[in-house]
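Spelled out from the first residue to the last, the chains are:
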Amino acid sequence: MQELLDKGLIEYERWLEETSDDLYMQHELMELKGNKEEIANCFCTELKFGTSGIRGIMGPGPGRLNIYVIRKITQGFANYLKTLKRPISIVIAYDGRRFSKVFAEETAAVLSGNGIKTFIFDEITPVPVLSYSISKLECDYGIVITASHNACIFNGYKVYNADGYQLVGEETELIIGEIEKCDFFSGIRRKSEEVITIDDSIHNEYLGDALRLTGGLVKNSPPTLKIVYTPLNGAGNKLTRKLLDGLGFPNVYVVPSQENQDENFTTCKAPNPERLTAYNEAFKVLDETDSDIIIATDPDSDRVGAALIHNGTKRLLTGNQLGILMLDHLVEERPPKGNQNCYRSIVSTPLFDRIAESSGLNVTTTLTGFKYIGEAIAEMMHEGREEEFYFGFEESNGFLISPFIRDKDGITSAAVIAAMAAKQKARGMDLIDHLEEIYADYGLLLDRSRSFTFEGLAGQETMSEIMDYIRGLNDNIGELYIEDKTDYLYDDTGLPLADVVRFDMDDGSTLIIRPSGTEPKVKVYMFLSDPVSPIDREIVKIFEQFKQEQ
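Residues numbered from 1 in each chain as written. Predicted model: local features only at pLDDT ≥ 70, side-chain atom pairs only at ≥ 80, totals over all residues. Heavy atoms only, no water.

Observations regarding the overall build of the chain
Inclusion rule: Going along the chain from the N terminus, every DSSP run of H or I of four or more residues is numbered as a helix, and every run of E of two or more is numbered as a strand. It is over C-alpha atoms that the radius of gyration is taken, and the globule rule equals 2.2 Å times the number of residues to the power 0.38. Only protein chains enter the accessibility calculation, which uses a 1.4 Å probe; a residue whose area is less than 20% of its type maximum is buried, one above 50% is exposed, and one in between is partly exposed. Only heavy atoms enter the contact rule, under which two residues are in contact if any of them lie within 4.5 Å. Here the open area of atoms and residues is found with the Shrake-Rupley method and a 1.4 Å probe, where only the protein chains shown may cover a residue.
For the chain, the count of helices and strands is 17 helices and 21 strands. The C-alpha radius of gyration computed for the chain amounts to 23 Å, which stays within 12% of the reference 24 Å derived for 550 residues, consistent with globular compactness. For the chain, the C-alpha atoms occupy an extent of roughly 70 × 60 × 50 Å along the three principal directions. Taken over 550 residues, the chain has a buried fraction of 60%. Look at the contacts in the chain between residues 6 or more apart in sequence, and 70% of them connect residues 24 or more apart. When the accessible area of the chain is evaluated, it comes to approximately 21800 Å², of which 46% is carbon and sulfur surface.

Some points on the pattern of salt bridges
Operational definition: Throughout this description, the term salt bridge denotes a Lys or Arg side-chain nitrogen within 4 Å of a carboxyl oxygen of Asp or Glu.
Here the structure, examined in full by the defined rule, presents 35 salt bridges. Across the pair Asp-140 and Arg-86 runs a salt bridge whose closest N-O atoms are separated by 3.0 Å. Placement of Asp-140 in the loop between helix H6 (127-136) and strand E4 (141-145) and of Arg-86 in the loop between helix H4 (67-83) and strand E2 (89-94) is noted, with a sequence separation of 54 residues between them. On the basis of relative accessible area, Arg-86 is assigned to the partly exposed category, the value being 42%. One network of salt bridges, in which partners are shared, links Lys-158, Asp-300, Asp-302, Glu-394 and Lys-408.

Looking at the nonpolar core
Quick note on the threshold: By convention a nonpolar core is built from buried Ala, Val, Leu, Ile, Met, Phe, Trp, Tyr and Cys residues, the set being connected through side-chain atoms within 4.5 Å.
Ranked by size, the top nonpolar core spans 88 residues in total, and within it Phe-249, Leu-317, Leu-327, Phe-391 and Ile-417 carry the most contacts. With sequence-adjacent residues up to four places away left out, Phe-249 is seen in contact with Val-218, Pro-222, Leu-225, Ile-227, Leu-244, Ala-418, Ala-419 and Ala-422. If you look at the next biggest cluster of nonpolar residues, it comprises 47 residues, including Tyr-12, Leu-47, Ile-73 and Leu-81.

So, the packing of helix H12 (residues 351-358) against helix H15 (residues 431-442)
In plain terms, the rule: Every axis corresponds to a line fitted to the C-alpha atoms, with the helix fit spanning only the stretch in contact, and the corresponding angles, defined between N-to-C directions, vary from 0 to 180 degrees. Roughly parallel refers to an angle under 35 degrees, roughly antiparallel to one over 145, roughly perpendicular to one between 65 and 115, and oblique to any angle outside these ranges. Put simply, Ala, Val, Leu, Ile, Met, Phe, Trp, Tyr, Cys and Pro go in the nonpolar bin, Asp, Glu, Lys and Arg in the charged bin, and everything else, Gly too, in the polar bin.
At a closest axis distance of 11 Å, the pairing of H12 and H15 adopts a crossing angle of 75 degrees. The angle between the axes of H12 and H15 places the two elements in the roughly perpendicular class. Between H12 and H15, the contacting residues are Leu-351, Arg-354, Ile-355 and Ser-358 on the first element and Ile-438, Tyr-439 and Tyr-442 on the second. Here the contact of H12 with H15 is built from residues that sort into five nonpolar, one polar and one charged.

A short note on a negative patch on the surface
Counted only if it meets this: Every patch collects residues that have over 30% relative accessible area and no salt bridge, joining them within 9 Å if they carry like charges and within 5 Å if they are nonpolar side chains (Val, Leu, Ile, Met, Phe, Trp, Tyr). The convention is simple: Lys and Arg are positive, Asp and Glu are negative, and His and the chain ends are not counted. Taken as the charge centre is NZ of Lys, CZ of Arg, CG of Asp or CD of Glu, depending on the residue.
Taken together, the side chains of Glu-483, Asp-484, Asp-491, Asp-492 and Asp-506 present a region of like negative charge at the surface. Mapping Glu-483 onto the fold places it in strand E18 (residues 480-487).

With respect to the pairing of strand E19 (residues 501-505)
Rules: Following DSSP output, two strands are said to pair if at least two bridges run between them.
Counting buried positions along E19 yields four of five residues, so the element is predominantly enclosed. As judged from the five bridges shared by E18 and E19, these two strands associate in the antiparallel manner. Considered in E19, the bridge of Lys-485 is made with Phe-503. With four bridges connecting them, E19 and strand E20 (residues 510-515) associate as antiparallel partners. By the bridge assignment for E20, Phe-503 is matched with Leu-511. Here E19 folds back onto E20, and the loop between the two strands holds four residues, one of which, Gly-508, carries a positive phi near 90 degrees.

Examining the side chain of Asp-447
The cut-off we apply is this: Any N or O atom pair separated by 3.5 Å or less is treated as a polar contact, with the protein-specific requirement of one donor-capable and one acceptor-capable atom, and with residues adjacent in sequence counted only for side-chain atom pairs.
Along the chain, Asp-447 falls in strand E16 (residues 446-453). Despite its burial, Asp-447 remains without a salt bridge, the nearest opposite charge being carried by Arg-448 at 8.5 Å. At 3.2 Å, the side chain of Asp-447 and the side chain of Thr-318 are in polar contact. For Asp-447, the side chain forms a polar contact with the side chain of Asn-320, separated by 3.3 Å. For Asp-447, the residues in contact, after removing those within four places along its chain, are Thr-318, Asn-320, Gln-321, Met-526 and Phe-527.

Read these as layout, nothing more, since geometry by itself doesn't imply function.
See below:
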């Protein structure tokens, strides 16, 4: 550890020297002086390109996200693109986070400096529009600067291919190889004069297609529904409101404190529509307006969530519950044709399969990450089979109702949630009431999830130890016996290898555990036919033991 820290201190001194003309970075570096722990976190590790890009805490050094890391990543990416030996064009988008526009402009300057035709949006832009714009502009790749639903200290860099989904497979490894050859300060080529700025025309084209796709799903007196909408200070504000208005929802109340971009997310420290706390401000507006439902899109607007008051209690619909409700709504309003396919990730509810199969739909499971669903859609489209796609979802509030893009779309999904809520209101019910009807028809299968955070270098080692321990469990977890175990890293599952372990327990519960690909967390997913299953308690015991040992 001391040898690693010594190397970190040497790198720290190099950054002090190389950024002498950058007053902001000099200030950031001087703030670290004498803080060995933080110097270790910033300079003893390096953010790695993976899971289609990078996400990390903003700050100085190779272990944090800053303009020098952005330049190195982009130079490495540009060097990879040169190996393709053909003209390349790229479109860049960004959200409203701190430094998002700066990082996007730095990315554009480096790509342009390397002779790559580069487009950049002139305003904050949702991820679905970035995916849409790649084909509209006939680009080869897309990049978006965002940290999605993470706290304000984070930002990220995601790369999309020509088909509009995040990179997968061997190409990622080739890009990593080129990035590793680059330095943060030397060999970086930048030129911003030839970067092409995009106005709102692409946004408007996307909106037109979104209206066309969702219009047929709204059939039950939408004017009676009262909606509270929050973009969580993100990029979805304009388009989501225009879409709801175009579909005939006149009573949409936007949360004032979260309407416009706020890089500090002042009213919502974790702008994640999967968390009930993200709706605190929206519930105030719901009370004031006597509205029926809250709809929230996350800061880059690829995810969507919903909450409401049911029998006097605040209720958050989970991503799994929304996926079930959406599929149920779609099969009623847009009856499936023969040989159509639904997609879900391996950590999403199996109850989805029962509903799909009862409607004559095929179900395909993919690894976690919507890019794998996007990959399947692209394959169908290249073969002229795009009509076979019906619906795709993942439990982390990502949904797609049409292959007009190949990534999750919080904006069109928000319209579907509004349509569902209007339909149930016309019946004198809400979405929770209808969910109970679905459980009565297909069986109860509750979903619960937990995440356990392990920060820093020690945290990385602990997460590795946890996954080793989990893999060693073969007979029982606490008082429950393991009936079946699947290790996606070593077993032949028909899917690419992944650091995921699944257990089917003797009480009918299913447990899936994996480390996050973008955050210092281990995630646990539980599906329970018995609400009082002890599996949740047993898992907490395991993780608490590792936390005590840190």
